[in-house]
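# An overview of the molecular structure
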Amino acid sequence: MDRRIYGIETEFGIAHSAPDARPLTPEEAARKLFTPVVAWGRSSNVFLPNGGRLYLDVGSHPEYATAECATLEDVVAQDKAGELILEDLRQQTQEALAAEGVPGQLYLFKNNVDSQGNSFGSHENYMIARRTEFARLVSILIPFLVTRQIMVGAGKVHPRGPEDFGTVPVGPGDGAPSYSFSQRADHIWEGSSSATTRSRPLINTRDEPHADAEHYRRLHVIVGDSTMSQTTTALRIGATDLVLRMIEAGQILPDRTMVDPVRALREISHDPTGTRPVELADGTRRSALDLQRGFLDAVRSFVDREGAHHDRVPWVLDLWERALDAVARQDTSGIDTEIDWAIKKKLLDGYAARHGLDLSSPRLAQLDLAYHDTAPDRGLFNLLQRRGLAATFVPAERVEEAVGTPPPTRAAIRGRFIEAVVASGHNYTVDWVHLKVNDRTQRTVTCKDPFATRDPEADALVAGLRPAAEERSAHGDAPVI
Ligand SMILES: Nc1ncnc2c1ncn2[C@@H]1O[C@H](COP(=O)(O)OP(=O)(O)OP(=O)(O)O)[C@@H](O)[C@H]1O
Ligand SMILES: [Mg+2]
């Protein structure tokens, strides 16, 4: 498919610290964080005027799902806008706590592991064609997903070497401190399945297309790390899209099925050289670098033959190649403003050298965490970006705009509806496909085409809500989030 819908769902970590008092539990902090959301949308599970979704399930990980995006620029902008939206809530909550006399600091982290070793995700969604044989697509994609972490991992410090989480050990660790490519790799337990929690797979196969099911399917990739860097996010989505495009076109590719993809995922994450061979089903052994170079070469020839389907394709191919070269040469200087694991590594190495520390130091683990802090004045990634030490993919204004403006897809229809219905004060029900006002008429509009930016029925629904919205705003009753 030349045009595709992408969306990223991000779960955030939350923590409250109060050295001289009982800190809020993560559950208490998360509930408090959602107070303004509930006041605005009468629920802790809302769709936003930018078309995205913000919700708090049971537990304590606020989740933001971007609206449907059709370009890399939009998905990066909408993803970063999610950080701004949550950070704004954090600041409001911090002020509310102070006003109530509750001491302490509230933190939000866009990372994938908490201090107890629980993992939370950053899920990617790609619209794919129903006619593509799903089993073939998954079998080609899994070796790509297992190895792409050497370019798009977020990096993680392990003060006592690789930890063991459950059934698939990383290998005989000697306890020496280490740095892995990925945060999430140690927490994946299956290749593909329909479960997301207990037996966490790389790909979730639950079939919920959020579109015309006859023509489309939604591929739900749950193996990825949350990426802070805009350029890393763009490469993560851009390279995966190119591989999908090639698979969908029916390109014949060598079979790279791995004997044990989950074990390979962990071993590759913990091998900074990228050269450790993993066992393939055909009896050969290949390294992550080798496999990634194979995918990159295949994509390049495919693009040479078929043409680029958007104007950032050369950018994606260039950064992909530079990331692989950096691992091969063990020299990150060519990517250390663009790729999260390398940006973070440079920060950690610099700090360790200045203070005579190594990766076993708790201060370095602290820096690792602080890299993912959403606060503009505390978050180390945010500080690096402000100092020009982390590249951007879209201008800051575009991210700010994305906080309240949907991308030009079905999200635009939803965004207009949300604005109008919230302003009108009516009860309503929304999901990715449906818009409904719970009034006497019980009108439901179904939007099955995620590329459509207008829908006459939705327009009529919105027009019908205007009088009530205008009346309420004249009385100053319109809620704000
Ligand atoms: N047709 C589509 N194709 C691909 N992605 C889509 C499509 N429609 C919506 N999306 C994206 O899918 C994501 C859905 O997020 P949501 O959190 O609701 O997912 P979910 O399926 O409930 O997953 P989970 O329950 O695991 O959180 C959003 O990012 C959205 O933009
Ligand atoms: Mg979700």
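Residues numbered from 1 in each chain as written. Chains lettered and ligands numbered in written order. Predicted model: local features only at pLDDT ≥ 70, side-chain atom pairs only at ≥ 80, totals over all residues. Heavy atoms only, no water.

### Considerations on the pairing of strand 1 (residues 6-11)
Burial within strand 1 is extensive, with five of its six residues counted as buried. Two elements, strand 1 and strand 5 (residues 63-65), share three bridges in a ladder whose sense is antiparallel. What sits directly across from Glu9, in strand 5, is Ala65. (Buried < 20%, exposed > 50% of the residue type's maximum accessible area, 1.4 Å probe, protein only. Helix = DSSP H or I, 4+ residues; strand = E, 2+ residues; numbered from the N terminus. Pairing = 2+ DSSP bridges.)

### What to know about the sheet that holds strand 15 (residues 428-430)
In space, the three strands of this open sheet follow the order 15-16-17, with antiparallel pairing throughout. Two strands close off the open sheet at either side, each with one partner strand: strand 15 and strand 17 (444-446). Neighbour to neighbour, the strand axes of the sheet diverge by 5° on average, direction disregarded. In this structure, strand 15 lies alongside strand 16 (residues 434-437), joined through three bridges in antiparallel fashion. Looking at the pairing, Val430 lines up with Leu435 of strand 16. Of the strands in this sheet, strand 15 and strand 16 are in contact with helix 14 (residues 410-424), which crosses strand 15 at around 160°. (Axes fitted to C-alpha atoms, helices over the stretch in contact; angles between N-to-C directions. Contact = heavy atoms within 4.5 Å.)

### A few points about the domain arrangement of the chain
Segmentation of the chain into domains returns domain 1 (130-371) and domain 2 (408-474). Here domain 1 and domain 2 have C-alpha centroids that lie 39 Å from each other. (Domains from an automatic or database assignment.)

### Brief notes about the site of ligand 1
In the vicinity of ligand 1, 25 residues are found, and the nearest of them are Arg53, Tyr55, Thr66, Arg218 and Trp432. The contact in question runs from an oxygen atom of ligand 1 to an N or O atom on the side chain of Glu9, over 2.9 Å. One nitrogen or oxygen atom from the side chain of Arg410 is found 3.2 Å from a nitrogen atom belonging to ligand 1. Protein chains bury 92% of the 640 Å² of accessible surface belonging to ligand 1 in isolation. Contributing elements (two or more residues each) for the shell around ligand 1: strand 1, strand 4 (53-55), strand 5, strand 7 (122-129) and strand 12 (216-221). Looking at which element gives the most residues to the shell around ligand 1, the answer is strand 7, with four residues. Classifying every residue of the shell around ligand 1 gives 11 nonpolar, six polar and eight charged. Built from parts of two domains, the shell around ligand 1 gets at least three residues from each of domain 1 (130-371) and domain 2 (408-474). (Near = heavy atom within 4 Å. Polar contact = N/O pair within 3.5 Å; in protein donor to acceptor, adjacent residues only side chain to side chain. Areas by Shrake-Rupley, 256 points an atom, 1.4 Å probe, with all protein chains shown as cover. Nonpolar A, V, L, I, M, F, W, Y, C, P; charged D, E, K, R; others polar.)

### Some thoughts on the UniProt feature "binding site: Mg(2+)" (unreviewed entry) in the chain
Per the UniProt record, the feature "binding site: Mg(2+)" (unreviewed entry) sits at Glu9, Tyr55 and Glu63. The largest pairwise C-alpha distance within this set of annotated residues, which runs over 55 residues, is 10.6 Å, so the set is compact in three dimensions. Tracing the sequence through the fold places Tyr55 in strand 4. Excluding residues within four positions of it along the chain, Tyr55 makes contact with Glu9, Phe34, Ser44, Asn45, His61, Pro62 and Glu63. (UniProt positions renumbered as here; feature names shortened; annotations may be inferred.)

### With respect to the coordination of the magnesium ion (ligand 2)
Surrounding the magnesium ion (ligand 2) are the protein donor atoms Glu9 (OE), Tyr55 (OH) and Glu63 (OE), which sit 2.1 to 2.3 Å from the metal. All donors of the magnesium ion (ligand 2) belong to a single chain; written as a sequence motif, their spacing is E-x45-Y-x7-E. Here Tyr55 lies in strand 4 and Glu9 lies in strand 1, a separation of 46 residues in the sequence. No difference in accessibility class separates Glu9 from Tyr55, as the two residues are buried. (Donors = N, O, S within 2.8 Å, 3.2 Å for Na, K, Ca; no water.)

### Side note on the pattern of salt bridges
Between side chains of opposite charge, a pair can form as their charged atoms come close. Enumeration over the complete set of coordinates arrives at 34 salt bridges. We note a salt bridge from Arg398 to Asp74, for which the minimum N-O separation is 2.7 Å. Of this pair, Arg398 sits in helix 13 (residues 396-404) while Asp74 sits in helix 3 (residues 72-99); the two residues are 324 residues apart in sequence, bridging distant segments of the chain. Asp74 sits in the buried class, given a relative accessible area of 11%. Where Asp290 meets Arg286, a salt bridge forms, and the shortest distance between an N and an O atom there is 3.7 Å. Bridged by salt links that share partners, the residues Asp79, Lys80, Glu83 and Lys110 form one connected network. (Salt bridge = Lys/Arg side-chain N within 4 Å of Asp/Glu carboxyl O.)

### Here's the deal with the packing of aromatic side chains
To describe a pair of aromatic rings, you give the distance between the ring centres and the angle between the ring planes. On inspection of all chains with the given rule, the structure shows nine aromatic pairs. An angle of 65° between the planes, with centres 6.0 Å apart, marks the rings of Phe144 and Trp320 as edge-to-face. Highlighted residues: Phe144 in helix 4 (residues 134-147) and Trp320 in helix 9 (residues 313-329), separated in sequence by 176 residues. Under the relative-accessibility criterion, Phe144 is labelled buried at 0%. Measuring from ring centre to ring centre gives 6.3 Å for Phe417 and Tyr428, while their planes differ by 80°; the resulting arrangement is edge-to-face. A residue pair is termed long-range when its members are at least 10 positions apart, and Phe417 in helix 14 and Tyr428 in strand 15 qualify at 11 residues. Chaining the aromatic ring pairs together yields one cluster made of Phe144, Phe295 and Trp320. Against the face of Phe451 rests Arg3, its NZ or CZ located 3.9 Å from the ring centre. Across from the ring centre of Phe134, 3.6 Å away, lies the NZ or CZ of Arg217, which sits over that ring. (Phe/Tyr/Trp six-rings, centres within 6.5 Å; stacked < 30°, edge-to-face > 60°. Lys NZ or Arg CZ within 6 Å of the ring centre and 35° of its normal.)

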